Amino acid sequence: PGMFYYADGLIFPELIKDNQVSAIVGSVEKNHGLALGLREAELPWSSDYLFVDIPWGLSGKEATSLILRASKDQGIKAEAAQWCAEYAFDGVEAGTMFLPSKVELGEIFVNRLELIKSFSALRVKSVQEYLFHWSSSERDNHIAWNVRPFGSSIANANLKELSKPVRCAIEFKI
């Protein structure tokens with residue numbers, strides 16, 4: 001965690017001159033990891049209260065796909081998931097980012113100190129420690145789950161229409 005994820009797929013602990021950093025590694029497991037995009041947006045989860053009834057245990061990538069499909073089918077906005085799907089900054093190809101699940105955000109935010117250090121080295125806006133960030137996880141038809149980097153609290157849920165910080169993630173294989 002805290003390593004730099006480059007546009008060409010390279011992951012390295014230091015900045016490499018003239019190489020485009022795309023994301024910051026947030027969590028690593030046996031054969032894969034998640035990195036957070038460098039940019040953040042303040043958006044509602046769904047200003048139209050989209051309800052997807054996402055099954056428990058889905059990854060953020062799978063949940064984002066379901067959210068986008070339901071949004072299209074129902075003609076209802078899903079701003080946070082849509083922004084992640086369209087995220088095309090810093091060498092990231094549109095369609096590769098997704099809205100992480102509450103579990104994934106918790107695993108990423110456990111490493112908040114490494115994240116903050118790396119974002120700082122790039123001189124870009126870091127994760128906001130005391131603000132809850134949207135996840136792809138729903139609680140019910142009006143409420144979705146938020147995760148806060150400070151303490152990795154997942155015990156907060158808010159109305160989907162409220163604007164909250166959104167950080168998109170990208171998955172990589174090891």
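The rules behind each value
- Residues numbered from 1 in each chain as written.
- Predicted model: local features only at pLDDT ≥ 70, side-chain atom pairs only at ≥ 80, totals over all residues.
- Heavy atoms only, no water.
- Salt bridge = Lys/Arg side-chain N within 4 Å of Asp/Glu carboxyl O.
- Helix = DSSP H or I, 4+ residues; strand = E, 2+ residues; numbered from the N terminus.
- Buried < 20%, exposed > 50% of the residue type's maximum accessible area, 1.4 Å probe, protein only.
- Pairing = 2+ DSSP bridges.
- Disulfide = S-S within 2.5 Å.
- Polar contact = N/O pair within 3.5 Å; in protein donor to acceptor, adjacent residues only side chain to side chain.
- Contact = heavy atoms within 4.5 Å.
- Core = buried A, V, L, I, M, F, W, Y, C linked by side-chain atoms within 4.5 Å.

Between side chains of opposite charge, pairing is possible as soon as their charged atoms come close. Here the structure, examined in full by the defined rule, presents 7 salt bridges. A salt bridge links R39 to D90, with the shortest nitrogen-to-oxygen separation between them at 3.2 Å. Of this pair, R39 sits in strand β4 (residues 32–44) while D90 is found in the loop between α2 (79–86) and α3 (102–109), placing the two residues 51 residues apart along the sequence. Looking at D90, the relative accessible area reads 16%, which means it is buried. Measuring nitrogen to oxygen at the nearest pair gives 3.9 Å for the salt bridge that ties K61 to E171. Of this pair, K61 sits in helix α1 (residues 60–74) while E171 is found in strand β8 (residues 163–173), placing the two residues 110 residues apart along the sequence. For E171, a relative accessible area of 28% corresponds to the partly exposed category. One connected set of salt bridges, linked through shared partners, spans E40, K125 and R167.

The next thing to look at is the sheet that holds strand β1 (residues 4–6). Taken together, the 5 strands give an open sheet; going across it, the order is β2-β1-β3-β4-β8, and neighbouring strands pair in antiparallel fashion. Each of the sheet's edge strands pairs with one partner strand only, and the pair in question is β2 (11–12) and β8. As judged from the 5 bridges shared by strand β3 (residues 21–28) and β4, these two strands associate in the antiparallel manner. By the bridge assignment for β4, V28 is matched with G33.

Defined simply, a disulfide is a covalent bond joining two cysteines at their sulfur atoms. One pass over the full model with this rule turns up 1 disulfide. Shown here is the disulfide that connects C84 with C168, its sulfur atoms set 2.2 Å apart. Looking down the S-S bond of the C84 and C168 bridge, the torsion is -90 degrees, so its handedness is left-handed. One end of the pair, C84, is in helix α2; the other, C168, is in strand β8, with 84 residues separating them in the sequence.

Here the focus is α3. Of all 8 residues in α3, 6 are buried, a share of seventy percent or more. Every buried residue of α3 is listed here: K102, E104, L105, G106, I108 and F109.

We now examine the side chain of E40. Structurally, E40 can be placed in strand β4. Residue E40 is classed as buried on the basis of its relative accessible area, which comes to 17%. Within the structure, E40 has its side chain in polar contact with the side chain of H133 (distance 3.4 Å). Polar side-chain contacts of E40 include one of 3.1 Å to the side chain of R167. Residues contacting E40, with those up to four places away along its chain left out, are W83, K125, S126, V127, Q128, H133, P165, V166 and R167.

For the rest of this paragraph, the subject is the nonpolar core. Counting residues in hydrophobic clusters, the biggest one holds 44 residues, and the most contacted among them are L36, I67, W83, F109 and V166. No other element matches the 6 residues that β4 contributes to this core. Other than its neighbours up to four places away in sequence, V166 contacts R39, E40, A41, L43, A80, W83, C84, L99 and W134.

With 11 of 13 residues buried, β4 is to be regarded as a mostly interior element. Counting the residues in the hairpin turn of β3 and β4 gives 3 residues. For β4 and β8, the ladder comprises 10 bridges, and the chain directions are antiparallel. The residue bridging L43 from the neighbouring strand is K164, located in β8.

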